[in-house]
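One-letter residues, chain by chain:
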Amino acid sequence: MDINKIWLIDHKATLGDFSPMNLDGSTWILGVCVLTAALTKESAISKFKDFLKNEDMELIEIYDIRQYVSDDFNDDSSRSAQIKNAIRTVLEDGETCYVYARTSETMESGGVQ
């Protein structure tokens, strides 16, 4: 994994009816995708879009995209533990992780996922 870096992509995407992420009939999802890609932001976005397509999802908006740097990572939000666990998983096996998912149904009901 020496040519690849870890990227964190905070976003909103639509959920298809048959998306494995669609557990509650939602139309959209907010989440953070943690993945490995080459050094450029464009390569990370391309791999991310492929991931979304395979999951029957479509990108609505990217809120933040950043390269993970261990000494520089600081996320004081409630999602920090989930992101850190995903980073560990990606470092170990290189698989893409999807965390801190909040769907349209959970947001409308006031629930937290």
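The structure under discussion appears in the preceding block.
Figured I'd write up the structure that's included with this text. (Residues numbered from 1 in each chain as written. Predicted model: local features only at pLDDT ≥ 70, side-chain atom pairs only at ≥ 80, totals over all residues. Heavy atoms only, no water.)

### Here we look at the overall build of the protein chain
The secondary structure content of the protein chain amounts to three helices and four strands. The helix and strand sequence of the protein chain, counted from the amino end, reads β-β-α-β-α-β-α. Within the protein chain, the fraction of its 113 residues that count as buried is 40%. As displayed, the protein chain offers around 6,600 Å² of accessible surface, 47% of which is attributable to carbon and sulfur atoms. (Helix = DSSP H or I, 4+ residues; strand = E, 2+ residues; numbered from the N terminus. Buried < 20%, exposed > 50% of the residue type's maximum accessible area, 1.4 Å probe, protein only. Areas by Shrake-Rupley, 256 points an atom, 1.4 Å probe, with all protein chains shown as cover.)

### Things to note about the pairing of strand β2 (residues 28-37)
Most of β2 is tucked away, with nine of its ten residues classed as buried. Pairing between strand β1 (residues 5-15) and β2: ten bridges, direction antiparallel. Residue pairing for β2: D10 is matched across the bridge by V32. Across five bridges, β2 lies against strand β4 (residues 97-103) in antiparallel orientation. Counted as the bridge partner of C33 is Y98 from β4. (Pairing = 2+ DSSP bridges.)

### Here we look at the sheet that holds strand β3 (residues 57-67)
In space, the four strands of this open sheet follow the order β3-β1-β2-β4, with antiparallel pairing throughout. Sheet topology places β3 and β4 at the edges, where each strand pairs with a single neighbour. Neighbour to neighbour, the strand axes of the sheet diverge by 20 degrees on average, direction disregarded. Sitting on the sheet, helix α1 (residues 41-54) is in contact with β1, β2, β3 and β4, with an inclination near 145 degrees to β3. (Axes fitted to C-alpha atoms, helices over the stretch in contact; angles between N-to-C directions. Contact = heavy atoms within 4.5 Å.)

### Thoughts on the nonpolar core
M21, I29, C33, L35, M57 and Y98 are the most contacted members of the largest nonpolar core, which totals 17 residues. Those elements that provide at least two residues to this core are β1, β2, α1, β3 and β4. Beyond its immediate chain neighbours, meaning those up to four positions away, M57 contacts A13, T14, L15, S19, M21, I29, L52 and Y98. Counting residues in hydrophobic clusters, the runner-up holds ten residues, among them V32, V34, I87 and V99. (Core = buried A, V, L, I, M, F, W, Y, C linked by side-chain atoms within 4.5 Å.)

### Details of α1
In this model, α1 (14 residues) spans 20 Å end to end at C-alpha, consistent with the 20 Å of a helix rising 1.5 Å per residue. On its buried face, α1 is in contact with β1, β2, β3 and β4. In the segment just after α1, D56 is the residue with positive phi, at about 55 degrees. (Expected span 1.5 Å × (residues − 1).)

Shape descriptors only; they carry no functional weight alone.
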